[in-house]
Amino acid sequence: MSSTGQPYLGWRYRSCSSCSPFLGDFVLERGFHQPKFRYCPCLGLGMWPTDASWGPEYCTLILGPGKIRPRDTQALLPATQAMELRKRDYHMERPLLNQEHLEELGHWGSAPRTRQWRTWLQCSRARAHALLLQHLPILVWLPRYPVRDWLLGDLLSGLSVAIMQLPQGLAYALLAGLPPVFGLYSSFYPVFIYFLFGTSRHISVGTFAVMSVMVGSVTESLAPQALNDSTINETARDAARVQVASTLSVLVGLFQVGLGLVHFGFVVTYLSEPLVRGYTTAAAVQVFVSQLKYVFGLHLSSHSGPLSLIYTVLEVCWKLPQSNVGTMVTAAVAGVVLVLVKLLNDKLQQQLPMPIPGELLTLIGATSISYGMSLKHRFEVDVVGNIPTGLVPPVAPNSQLFSKLMGSAFTIALVGFAIAISLGKIFALRHGYRVDSNQELVALGLSNLIGGIFQCFPVSCSMSRSLVQESAGGNSQVAGAVSSLFILLIIVKLGELFHDLPKAVLAAIVIVNLKGMLRQLSDVCSLWKANRADLLIWLVTFMATILLNLDLGLVAAVIFSLLLVVVRTQRPHYSVLGQVPDTDIYRDVAEYSEAKEVPGVKVFRSSATVYFANAEFYSDALKQRCGVDVDLLISQKKKLLKKQEQLKLKQLQKEKKLQKQKKLQKQAASSKDTSVSINVNTSLEDMRSNNVEDCKAMVSPGDKMEDATAGGQEDSKAPDVSTLKALGLPQPDFHSLILDLSALSFVDTVCLKSLKNIFRDFREIEVEVYMAACHSPVVSQLEAGQFFDASVTKKHLFASVHDAVTFALQHPRPVPDSPVSVTRL
């Protein structure tokens, strides 16, 4: 005790012969070993066994009472003693804490709520300036741009990306079912818009294979329906498809901008990594199949909707004898050249200042050979055709298509953002800067929105071009601006030079660039070893996308992944906990062989939160793991009590009849003796008095039931027969049940009712229930749901499992052998 008579929390104190105050054993929380050193408040800390002599020369640190800092103490000790100190077991004693005591000790109060929406509605000059800088990041980073350090790298990387973007833009336009020149438009407008509004320094925005094949599935399904003529006019068909694609881009942009402004960037978190990888792998297969008609020179009919991929493969196989040999040779040669150049780039990566532009060289070489050898006329090889020079004027979207494109636009908006933000965060972590997901959503949305007005199709970022931009020395968004200006030069002056470019070469470029996504098929093996649930998501996403097409496949994959989360929370891991010897740690007895159950106490834990979807499973698992059929025991108890109540009523009725007969006999005898006529009709007051007496005889708590078999006296008092032992029912081998609620992150009304029922049911079989390790938000929700009342108070909730076990051992629920008062059913 201190001089004021108050105990020091967490310490044991005992008197010291060599020091007038007291000695305290400095011990930490775990275990029960004897401490190895002592603390004297007036002198300091000693590092010696408890039986050593005590004196001022052994003190090493002068501190006030209750203010020991072990780190400071170890810093002042010699190295050998400090090492020995770290090896020792430390313990701390503290009082047993339930929730009520913990709130008093810690002065608990509800955390103040932050209403961030109020700041959104504030109007001030500083607020307007902050919003401008938030939504126009170029005003932040461009004034600080280090020209000497970054400009040369951005110029080289921008040129390298533009060299890749030119052939990919032409190829991915064909993939989207559009004329190649619109791929160049989509490589200019969106890239420059992202330069102004984007926050990622290294991703390359523009045409991407997955986005293009999603757009192609929409254009091929809607554009032919807009043409009533049985003979397809290619010019009218292309114009209709361009209108569909540009309208789709506007809708995608509107979705992305709207979601970004309301800070809905977290929606992409519902697209898990296995889902995205399975989806992009299936999209790569879709892209590969869509390019087969250009590789073999076939003219296929348009297929859309579910199983369209299967129909396309079957048609390719059916028309394979009609393949054009010249087209096949062109595609094969271009593919071999591209593969060889990529292998050479990988091998000479350290020696080359920038990668060899294999795609651009293949493009130029194939165009020259096609023009010189007249492949179109001599071998009937399809070529790109006319590429108009100059920019097109803005065109308003067709509002009549909005209702037909709404679902596809939302799907494409999510997929495009998921790809862009995942790559952006990878590069941001690698180079040490931050990417704002909501601003990225706004930047992509503006790129698609403005690009759609200038007849572009929806875009995202390309994985291959982003890697080239980073490896070539790109440091900022200036590299994207450089690449877009190079594409502008091609559009204005050099586009018509690619008139004779074979489409088979563009198909080869697309197929070779699918290598990275097709290699994701190896995820099956890695996920099989790592996580079977993620493998299931990957396989379902892949198969759904292959069979149902890209839009319906993504919807089915998201629904399945969310349902799998619900199923996994419905069937969590339930465990009965035991105490690890000499610690306050409790672990699953099925997993830890040394963990033993505390006699008379059952500790139960779930690995997931309890809510409406798994509350019933939680209760069933609890009753099963306890080893007691609670429902059956309660049912048997109620039946026996009901039977006893019926026997008691019959006995009371017999007694009442006997009393009436005796009364009538007495009345008859008295009437004969006195010869007095008695009126049989009883007055109303007599009837009321008799009824009151009868009711008192029925409900009086002092009345006890006679032993039916022994035929005891009327007034004899028997022991209470409502207990399990008195009823002859088996008793549980534990008197206390502790629910470890550390996994709970929230509670709903179903969870509250389930916990209430658990308290009620186990108390019926004479087992007291306690709760432990609840987080503060959960406690607040329990209070808001009026969970605590006279029967279940905060004294039933403890700070830790060990506190609850200690309390249960100190206060076992009595199983009475003598008469006790029980609640009537």
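Residues numbered from 1 in each chain as written. Predicted model: local features only at pLDDT ≥ 70, side-chain atom pairs only at ≥ 80, totals over all residues. Heavy atoms only, no water.

**Focus: the overall build of the chain**
What counts here: The helix and strand labels rest on DSSP assignments: H or I over at least four residues marks a helix, E over at least two residues marks a strand, and numbering proceeds from the N terminus. When accessible area is computed with a 1.4 Å probe and restricted to protein chains, residues below 20% of their type maximum are described as buried, those above 50% as exposed, and intermediate ones as partly exposed. Note on contacts: a residue pair is in contact if any heavy atoms of the two residues lie within 4.5 Å. Per-residue accessibility takes into account occlusion by the displayed protein chains alone, with areas from the Shrake-Rupley method and a 1.4 Å probe.
On a plain count of helices and strands, the chain comes out with 32 helices and 12 strands. Across the 825 residues that make up the chain, the buried fraction comes to 45%. Pairs at least 24 residues apart make up 77% of the contacts formed inside the chain by residues separated by at least 6 positions. Roughly 44,000 Å² of accessible area belongs to the chain as shown, and the carbon and sulfur atoms make up 60% of that amount.

**Overview of the sheet that holds strand 8 (residues 586–588)**
Strand-to-strand pairing in sheets goes through backbone hydrogen bonds, with the strands running parallel or antiparallel. What counts, and what does not: Here, any two strands with at least 2 DSSP bridges between them count as paired.
A sheet is described by the order of its strands in space; here 6 strands give the open sequence 8-7-9-10-11-12, paired in mixed fashion. If you trace the sheet from one side to the other, it starts and ends with strand 8 and strand 12 (797–798), each paired once. Both strand 7 (residues 574–579) and strand 8 contribute to a ladder of 3 bridges, which runs antiparallel. Residue pairing in the sheet places G578 in a bridge with R587 of strand 8.

**Structural notes on the pairing of strand 7**
Counting buried positions along strand 7 yields 5 of 6 residues, so the element is predominantly enclosed. Bridge count between strand 7 and strand 9 (residues 601–606): 4 bridges; the pairing is antiparallel. Considered in strand 9, the bridge of L577 is made with V603.

**As for the environment of Q439**
For the record, the criterion: As used in this structure description, the phrase polar contact means that two N or O atoms lie within 3.5 Å; if the pair is within protein, one of them must be able to donate a hydrogen and the other to accept it, and residues adjacent in sequence are counted only when both atoms belong to side chains.
Inspection of the secondary structure assignment puts Q439 in helix 19 (residues 437–453). On the accessibility criterion, Q439 (2% relative accessible area) is buried. Along the backbone, Q439 and H135 are 304 residues apart, and their C-alpha atoms lie at a distance of 6.5 Å. In contact with Q439, not counting residues within four places along its chain, are Q134, H135, P137, F197 and T199. Reaching out from Q439, the side chain makes a polar contact with the side chain of H135 at a distance of 3.2 Å.

**Concerning the nonpolar core**
Heads up, the rule is: By nonpolar core we mean a set of buried residues, namely Ala, Val, Leu, Ile, Met, Phe, Trp, Tyr and Cys, connected to one another through side-chain atoms within 4.5 Å.
By size, the foremost hydrophobic cluster in this structure holds 110 residues, and its most contacted members are L166, V210, L501 and L506. Broken down by element, the residue count for this core peaks at 14 residues, all from helix 18 (residues 402–431). Each residue touching L506, except ones within four places of it in the same chain, is listed here: P167, L170, A171, L174, L363, V384 and L501. Listed in part, the 40 residues of the second largest apolar core include I634, F762, C774 and V778.

**Notes on unusual backbone geometry**
Despite not being glycine, H263 shows a phi value in the positive range, around 55°. Its place among the elements puts H263 in the loop between helix 11 (234–261) and helix 12 (273–290). Non-glycine residue N549 carries a positive phi angle of around 80°. Tracing the sequence through the fold places N549 in helix 25 (residues 532–570).

**Side note on empty space enclosed by the protein**
To keep it simple, the criterion reads: A pocket here means an open set of points on a 1 Å grid, computed over the protein atoms alone, that has protein on both sides within 12 Å along at least five of seven lines. A cavity is instead a set of points where a 1.4 Å probe fits but cannot get out; residues with an atom within 4 Å of a point line either one. Grid points are joined across faces, edges and corners, and a volume is the space filled by probe spheres set on the points. All amino acids are sorted into three groups, where Ala, Val, Leu, Ile, Met, Phe, Trp, Tyr, Cys and Pro are nonpolar, Asp, Glu, Lys and Arg are charged, and the leftover types, Gly among them, are polar.
Enumeration over the complete set of coordinates arrives at 5 cavities of 30 Å³ or more. Taken as a whole, the largest cavity holds about 100 Å³ of empty space. Considering the residues around the largest cavity, the lining is formed by 13 residues, among which Y194, I203, V205, Q477 and G480 are closest to the centre. Class assignment of the residues belonging to the lining of the largest cavity gives a composition of 6 nonpolar, 6 polar and 1 charged.

**Brief notes about the environment of L727**
Summarising the element assignment, L727 is placed in helix 29 (residues 724–727). Taking the C-alpha atoms as reference points, L727 and Q644, 83 residues apart in sequence, are found 9.9 Å from one another.

**Looking at the confidence of the model for the chain**
Rules: For every residue, the predictor reports its confidence as pLDDT, a number between 0 and 100.
Put simply, the chain has an average pLDDT of 80, and 79% of its residues get 70 or more. Confidence drops under pLDDT 50 across residues 674–718; counting only partners more than four residues distant or on other chains, this segment forms 29 contacts. Residue range residues 815–825 is modelled with pLDDT below 50. Its contacts to residues more than four positions away, or to other chains, number 12 contacts.

**Looking at helix 30 (residues 749–764)**
Selection rule: Expected helix span is taken as 1.5 Å per residue step, with the number of steps being one fewer than the number of residues.
In this model, helix 30 (16 residues) spans 23 Å end to end at C-alpha, consistent with the 22 Å of a helix rising 1.5 Å per residue. Phi for E766, located one or two positions after helix 30, is positive at around 65°.

**So, the packing of aromatic side chains**
For the record, the criterion: Two rings belonging to Phe, Tyr or Trp (six-membered ring only in the last case) form a pair when the distance between their centres is within 6.5 Å. Interplanar angles under 30 degrees mark stacking, angles over 60 mark edge-to-face geometry, and anything in between is tilted. Working rule: Lys NZ or Arg CZ, within 6 Å of ring centre, within 35 degrees of ring normal, means a charge sits over the ring.
Across all of its chains, the model carries 19 aromatic pairs by this definition. Between Y145 and W150, the ring centres sit 5.9 Å apart and the planes meet at 75°, which makes this aromatic pair edge-to-face. Site record: aromatic cluster; members linked through ring pairs are W141, Y145, W150, F192 and F195. When the ring centre of W528 is taken as reference, the NZ or CZ atom of R532 above it lies at 3.7 Å. The ring centre of F787 lies 5.3 Å from the NZ or CZ of K756, which sits over that ring.

**Description of the pattern of salt bridges**
Inclusion rule: What counts as a salt bridge is simple: a side-chain nitrogen of Lys or Arg found within 4 Å of a carboxyl oxygen of Asp or Glu.
The tally for this structure, following the rule as stated, stands at 15 salt bridges. Measuring nitrogen to oxygen at the nearest pair gives 2.9 Å for the salt bridge that ties E470 to R430. Of the two residues, E470 sits in helix 20 (residues 463–471) while R430 sits in helix 18, which places them 40 residues apart along the sequence. For E470, a relative accessible area of 17% puts it in the buried group.

**Quick notes on helix 14 (residues 308–318)**
Think of an α-helix as 3.6 residues a turn; residues three or four steps apart then line up on the same face. For the record, the criterion: The directions from the helix axis to the C-beta atoms form the arc being described.
Residues of helix 14 that are buried: S308, L309, T312, E315 and V316. Taken around the axis of helix 14, the buried residues stretch over an arc of 125°, which confines them to a single face. Of the exposed residues in helix 14, those oriented more than 90 degrees away from the buried face are L314, C317 and W318. Taken together, the buried residues of helix 14 touch helix 12, helix 13 (292–296) and helix 25.

**Regarding the environment of L307**
By the secondary structure assignment, L307 is in the loop between helix 13 and helix 14. Sequence separation between L307 and L547 is 240 residues, and the spatial gap between their C-alpha atoms is 4.9 Å.

**Digging into the pairing of strand 9**
The buried count for strand 9 comes to 5 of 6 residues, which makes it a mostly enclosed element. As judged from the 5 bridges shared by strand 9 and strand 10 (residues 736–740), these two strands associate in the parallel manner. Each bridged residue has a counterpart across the sheet, and for R605 the counterpart in strand 10 is D740.

**Some words on the state of the cysteines**
Note the following rule: When two cysteine sulfur atoms are found within 2.5 Å, that pair is recorded as a disulfide.
According to the stated counting rule, one finds 0 disulfides in the structure shown. Of all cysteine sulfurs in the structure, the one in C774 sits closest to C751, which takes part in no disulfide; the separation is 8.9 Å. For C751, a relative accessible area of 1% gives the class buried.

**Here's the deal with the side chain of D154**
Using the following cut-off: Counted as positive: Lys and Arg. Counted as negative: Asp and Glu. His and the chain ends are not counted at all.
Along the chain, D154 falls in helix 7 (residues 147–175). It turns out D154 is buried and unbridged, and the closest side chain with the opposite charge, R201, is 9.2 Å from it.

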